[in-house]
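Residues per chain are reported as follows:
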Amino acid sequence: MQIKKDFSLKNFNTFGIDARAQFFVEVTSVEELRIALQLADYPEKFILGGGSNMLLVNDIKALVIHVNIKGKEIISENANHVKIKVMAGENWHQVVLWTLEQDFGGLENMSLIPGNTGTAPVQNIGAYGVELKDTFVSCEAMDRNNQEIKEFSKEDCKFGYRESFFKSEGRDAFVITAVTFELSKKNHKLNTGYGAIEDELQKRNILNPTIKDISNAVITIRNSKLPDPKKLGNSGSFFKNPIITKSEFERFIEKHSAAPFYKVSESAFKIPAGWLIEQCGLKGKRLGDAGVHTKQALVLVNYDSASGKEILDLAHTIIKEVYARFGISIQPEVNIIK
Ligand code: EPU
């Protein structure tokens, strides 16, 4: 374990922000993570996973611990199901591809989501009608205070829409080291309900899709509107889709009858923030190197050397304009690190 000083995090966050870590160390095993957390000479510590859901606004005056623990294995199976355990540092999309190679079903709709497996439960990643919680069994996490490993059941994780215990009460208290999923081996439950997937399968003349077909459709859809972080820095959806009450929704839809929406429950409706932002004329807006993506207004991008502060200023402008026009307050999904 080598501790580096004044280390650029540009290649360790998908926004490609050139923030610097005062100290930086990579850990490749649970034991190394324990040792790093115990280093008394570095009282301030900051945990960094795949860096795919954060905006670094300032340099980090701490020891940045980059969790890069690899490994994935089948831990049990029967005729219908398989349980797999994946270590935190495994790249999410590579894990999805590995499950598909073996015809294990459940993760296919979440193909190509950037980031690592260890951070996936933190915001309960999701796409095209499926969320991590649908196949999640449990995870192991190290308590940052006493370095003990604790197991969290699905209930313990308190998953919600892009939310979990690790993003609320448990914030900064634990480091997820491994995640266990239960996947199907046969009679896969296919989720093609999300409009764009059906259209894509139809285009390909696929009537009875396999899980691999669904994954390929998702990859094509994502590639058509979401920028590849290796080419254009971004953190996926920057904002959450706002959820409004029934009475707010009724007032909203009367004025904006063309707006897309999802009914969350009898009393709650979700409005796509991308639509709200686009209606404000902000799609493609650029402030220096910080921009609103031209193909999906929910995504903010770093054209080259935007600072975290510039991206944040753009986000504040968007929040203000959406509120002024619609009276709806949108919130970042991405963790803002100040
Ligand atoms: N829309 C616009 N303009 C835009 C973007 C979207 O009018 O610039 C409209 C679309 O036409 C559509 C609706 O908004 O009617 C929804 O758009 P889309 O299907 O692209 O999904 P989203 O609600 O914008 C969410 C997730 C994405 C996920 C997709 C597909 C959140 C915050 N985002 O986006 O997740 O890939 O659904 O399931 O829930 C991520 O979290 O990083 C992410 C990319």
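Residues numbered from 1 in each chain as written. Predicted model: local features only at pLDDT ≥ 70, side-chain atom pairs only at ≥ 80, totals over all residues. Heavy atoms only, no water.

J.: For this particular structure, what's the right way to read the overall build of the chain?
T.: A tally of regular secondary structure across the chain gives 8 helices and 20 strands. Taken over the C-alpha trace, the chain has a radius of gyration of 20 Å; the compact-globule value for 338 residues is 20 Å, and the two agree within 12%. By its C-alpha atoms, the chain is 60 × 55 × 35 Å across when sized along the principal axes. By the burial criterion, 52% of the 338 residues in the chain qualify as buried. Total accessible area on the chain is roughly 16000 Å²; 46% of this is exposed by carbon and sulfur atoms. (Helix = DSSP H or I, 4+ residues; strand = E, 2+ residues; numbered from the N terminus. Rg over C-alpha atoms; globule rule 2.2 N^0.38 Å. Buried < 20%, exposed > 50% of the residue type's maximum accessible area, 1.4 Å probe, protein only. Areas by Shrake-Rupley, 256 points an atom, 1.4 Å probe, with all protein chains shown as cover.)

J.: So what exactly am I meant to see when it comes to the nonpolar core here?
T.: The tendency in soluble globular proteins is for nonpolar side chains to be buried side by side. Ranked by size, the top nonpolar core spans 49 residues in total, and within it F239, F252 and I318 carry the most contacts. Going through the elements one at a time, β2 (20–27), β3 (45–48), β4 (54–56), β5 (60–67), α6 (246–255), α7 (273–279), β18 (290–292) and α8 (308–326) are the ones with two or more residues in this core. Ranked by the residues each element gives to this core, the list is headed by α8, at 8 residues. Both domains that furnish three or more residues to this core are identified here as domain 1 (4–67) and domain 3 (233–337). Ignoring any residue separated from it by four or fewer positions in sequence, one finds F239 in contact with A273, I277, L298, A315, I318, I319, I330, Q331, P332 and E333. Counting 39 residues, the second largest nonpolar core, distinct from the first, contains W98, M110, L201 and I214. (Core = buried A, V, L, I, M, F, W, Y, C linked by side-chain atoms within 4.5 Å. Domains from an automatic or database assignment. Contact = heavy atoms within 4.5 Å.)

J.: Which parts of the structure should I look at to understand helix α5 (residues 211–225)?
T.: Since one α-helical turn is 3.6 residues long, residues separated by three or four positions face the same way. The end-to-end C-alpha distance of α5 is 22 Å, a good match for the 21 Å that 15 residues give at a rise of 1.5 Å each. Restricting attention to buried positions, one finds in α5 the residues I211, D213, I214, S215, A217, V218, I219, I221 and R222. Buried residues belonging to α5 abut α2 (92–101), β8 (126–127) and α4 (195–203). (Expected span 1.5 Å × (residues − 1).)

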